[in-house]
Amino acid sequence: MVQVESALPLAPVFASVFLLALLAAMGQFASNVYTPSLPFVAASLGVDIDAVQLTLVTYMLAFGVGQLIYGPLADRFGRRPVLFGGLVLFLAGTLCCALSASLPALLWSRALQALGVASTNVVARAAARDSFSGSELLRASAMIAIVFTLVPGTAPFVGGFVQALAGWRANFWLTLLLGLLISLYMLVKLPETGHTRLNRIDARAVIRGYLDVLSVHRAIFCSLTGGLVFATASTFYAASPALYMEHLEIGPVEYGLYPLLSIAGFIAGSLLTRRLADDVTEDWILVRGLAIMLPALVLMLFFPLVDMVHKHLFNVCIVIHSVGLGMFTPTASALVLSHFPRRAGFAAATHGFIVLTSSAVGVLIVSELQRFLPILALPLVMLSLVGFAIILSRKFIRTGKRQS
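All of these numbers come straight from a predicted model, not from anything done at the bench.

Regarding the overall build of the protein
- Within the protein one finds 15 helices and two strands.
- For the protein, the proportion of its 404 residues judged to be buried stands at 59%.
- Pairs at least 24 residues apart make up 86% of the contacts formed inside the protein by residues separated by at least 6 positions.
- Summing over all exposed atoms, the protein offers an accessible surface of approximately 15700 Å²; the carbon and sulfur share of this is 70%.

Structural data, given as C-alpha cells:
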C-alpha cells in the first residue's frame, strides 16, 4: 500500500534538470577524477596497476549494491532524507580515501565512498520520474545525460592537472571539497519530489517491490542491455590510463584531454535524442545507437590488429562510439523508469544496480585481460559488450512489439 503525498515541483524545467544532472554526476566524478593517478597510486602503495584497478571494481560493486538499499528507503521515507544520509557516508569515505596508507585501506574506503554516493543516483532518477513523464521524461533524461557525461569526461582532465601539481591524494581532497559544496547546494535547492510513500517497509515489502519491477520483462531486458552498453564507457575509463600512459607514453595532463573528446560525441547523440523524442519510438533510437557504436568498435579493434596503433585512431573511434552511447543511455533509462510511476525508487535502484554491476564485471575482465593483451584488451572487451547488447536488445524489442 502507498500513501499519496503532495510533492513540491521541480521548476523551472531547465533548472530542475540541471539540478538532477549535477546530483547524478557526483558518483561519476568521484569514480573518474583519479583515473590519471592510477599508475602513481600503484607506485605509491607498492602494488601493480592491475591491483589498483580493483578500486574501480570495488567502487562500482558498492555503488550498485547501495542503490538496492536506497531504492526502497526513498519510496518509504522520501528523496531528501535518503539523499543526505548517503551524502554523509560519501564524505566520510572520501576522507578515508585521502588518508589511506595501503591498498586494502583504499579498497574499503572506496567501498564506503561508493555506498554513500549511490543515494545520489537513485534520488536523481526517482526525482526525474516524479517530475516528468512520456516524451518529457525522455527529453529530461537526455539533458541529464548531457550534463552527466560532462562530469566523467572532464574529471580525468581535472584529475590529470591535480595529479601533476599535487599528487594522487589531492584528487580525493578535491572530491571532498566539491562534495561538501554540492551537499550544501542540494540542502537548499532540492525539494522533496516524492508523490507517494510506502506505508511501511520490511523484508517482505522490499522483496515484493523488487519482484514487481523484475516482473516487467521489457524494462528488465532494456536495463540489462543498457548495463552492457554503459559498461563500455566504464571499461574505457579503467583501461585507458594504462594503455595511453604506459604503452603510448602519454603524460597524465595530456591523457586528461582525451576523454574530453568523447564529450562532443555524447552530447551530439543526446541532443539528437531530444530532437527525436516526439517523432520516433524509444526502440528506434536504441537500435540506431547500437548501430553507430558497433562499426566504431570494430575499427578500434581492427587498427591494432594491422599494426596501426596511434592515440588519435583510438580517439576517433571513441568519439563515434560516444554518439551512439549518447543516444542509447538516456533512452534506455527513460524507457525503464516509464514503466514504474509508483515505484520509481525501486525501479531506479534496480536499473542502477544492473548498470553498475555490468560495469564492474567489464572493468574486472578488461583489467585481467590487459595483463596479456595490453593494446587489444580495451577494444576487444568494448566490442564484445556491444555485441552482447545487440543480441539482448532483440528481447526487449520483441516484448515491446507484443505489448503494442
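Topic: the packing of helix α4 (residues 54-77) against helix α5 (residues 79-99)
- α5 packs onto α4 with a crossing angle of 140° between their chain directions and a minimal axis gap of 7 Å. One element, α4, and the other, α5, form an angle in the oblique class. Together, Y70, L73, A74, D75 and F77 of α4 and R79, P81, V82, G86 and L89 of α5 make up the contact between the two elements.
- A class-by-class count of the residues in the contact of α4 with α5 yields seven nonpolar, one polar and two charged.

Considering a nonpolar patch on the surface
- A surface patch of nonpolar side chains, about 440 Å² in accessible area, is lined by L299, F302, L305, V306 and M308.
- Owing to a relative accessible area of 39%, M308 belongs among the partly exposed residues under this scheme.

With respect to the environment of G289
- Examined against the element boundaries, G289 turns out to sit in helix α12 (residues 282-305).
- With relative accessibility at 0%, the residue G289 sits in the buried group.
- Filtering out sequence-adjacent residues up to four positions away, G289 remains in contact with G324 and M327.

Examining the confidence of the model for the protein
- Summary statistics for the protein give a mean pLDDT of 81 and a share of 84% for residues scoring 70 or more.
- Here residues 1-13 scores under 50 on pLDDT; set against residues more than four positions off or in separate chains, the count is 37 contacts.

A word on helix α10 (residues 217-247)
- Compared with an ideal rise of 1.5 Å per residue, which puts 31 residues at 45 Å, α10 spans 43 Å between its outermost C-alpha atoms and is within 8% of the ideal.
- Along α10, the largest kink reaches about 45° and is centred on A239; proline P241 follows within four residues of it.
- Downstream of α10 by a residue or two, E249 has a phi angle that is positive, lying close to 55°.

A short note on the packing of aromatic side chains
- In total, this model carries four aromatic pairs according to the counting rule given.
- The interplanar angle of 85° and the centroid separation of 6.2 Å between the aromatic rings of W168 and F172 together place this pair among those described as edge-to-face. Of this pair, W168 and F172 both sit in helix α8 (residues 168-189), separated by four residues, roughly a single helical turn.
- Owing to a relative accessible area of 1%, F172 belongs among the buried residues under this scheme.
- Judged by centre distance (6.2 Å) and plane angle (55°), the rings of F302 and F303 are tilted.
- Take F302: its relative accessible area is 42%, and that puts it in the partly exposed class.
- A residue is classified by how much of its surface remains accessible, and F303, at 16% relative accessible area, is buried.
- The structure contains a cluster of three or more aromatic residues connected by ring pairs, namely Y34, W168 and F172.

Observations regarding the packing of α12 against helix α13 (residues 311-338)
- Axis separation between α12 and α13 bottoms out at 8 Å; the angle between their running directions is 155°. Put simply, α12 runs roughly antiparallel to α13. Taken as a pair, α12 and α13 cross one another with a handedness that is left-handed.
- Broken down by class, the residue content of the contact of α12 with α13 amounts to 22 nonpolar, four polar and three charged.

Let's talk about the state of the cysteines
- Counted according to the given criterion, the structure contains zero disulfides.
- Sulfur of C96: no disulfide; nearest cysteine sulfur belongs to C97 and is 7.2 Å away.

What to know about the nonpolar core
- The biggest cluster of nonpolar side chains holds 111 residues, and the ones touching the most others in it are L83, M186, L190, Y244 and M300.
- With 16 residues, α10 is the largest single contributor of residues to this core.

As for the side chain of Q163
- Its place among the elements puts Q163 in helix α7 (residues 134-166).
- Taking the relative accessible area as the measure of exposure, Q163 reaches 9% and is therefore buried.
- A distance of 2.6 Å separates polar atoms of two side chains, one belonging to Q163 and the other to S37.
- A polar contact of 3.2 Å, which involves the side chain of Q163, links it to the backbone nitrogen of W168.
- In this structure, Q163 is in contact with P36, S37, F40, W168, N171 and P252, ignoring residues within four places of it in sequence.

Re the pattern of salt bridges
- For the coordinates displayed, the defined rule picks out two salt bridges.
- The residue R218 makes a salt bridge to D283 at a minimum N-O spacing of 3.0 Å. One end of the pair, R218, is in helix α10; the other, D283, is in helix α12, and 65 residues separate them in sequence. The same class applies to R218 as to D283, namely buried.
- Salt-bridge contacts for E368 lead to R371; the nearest nitrogen and oxygen are separated by 3.1 Å.
- According to the relative accessible area criterion, E368 is partly exposed, its value standing at 37%.

Some points on unusual backbone geometry
- In the Ramachandran plot, D307 falls in the positive-phi region, its phi being about 65° despite a non-glycine side chain.
- With respect to the helices, strands and loops of the structure, D307 is situated in the loop between α12 and α13.
- The exposed category is assigned to D307, whose relative accessible area is 69%.

Definitions and limits used
Residues numbered from 1 in each chain as written. Predicted model: local features only at pLDDT ≥ 70, side-chain atom pairs only at ≥ 80, totals over all residues. Heavy atoms only, no water. Helix = DSSP H or I, 4+ residues; strand = E, 2+ residues; numbered from the N terminus. Buried < 20%, exposed > 50% of the residue type's maximum accessible area, 1.4 Å probe, protein only. Contact = heavy atoms within 4.5 Å. Areas by Shrake-Rupley, 256 points an atom, 1.4 Å probe, with all protein chains shown as cover. Axes fitted to C-alpha atoms, helices over the stretch in contact; angles between N-to-C directions. Parallel < 35°, antiparallel > 145°, perpendicular 65-115°, else oblique. Nonpolar A, V, L, I, M, F, W, Y, C, P; charged D, E, K, R; others polar. Patch = residues over 30% accessible without salt bridge, like charges linked within 9 Å, V, L, I, M, F, W, Y side chains within 5 Å. Salt bridge = Lys/Arg side-chain N within 4 Å of Asp/Glu carboxyl O. pLDDT = per-residue confidence, 0-100. Expected span 1.5 Å × (residues − 1). Bend = angle between axes of the 7 residues up to and from the residue. Phe/Tyr/Trp six-rings, centres within 6.5 Å; stacked < 30°, edge-to-face > 60°. Left-handed = near helix turned anticlockwise from the far one by under 90°. Disulfide = S-S within 2.5 Å. Core = buried A, V, L, I, M, F, W, Y, C linked by side-chain atoms within 4.5 Å. Polar contact = N/O pair within 3.5 Å; in protein donor to acceptor, adjacent residues only side chain to side chain.

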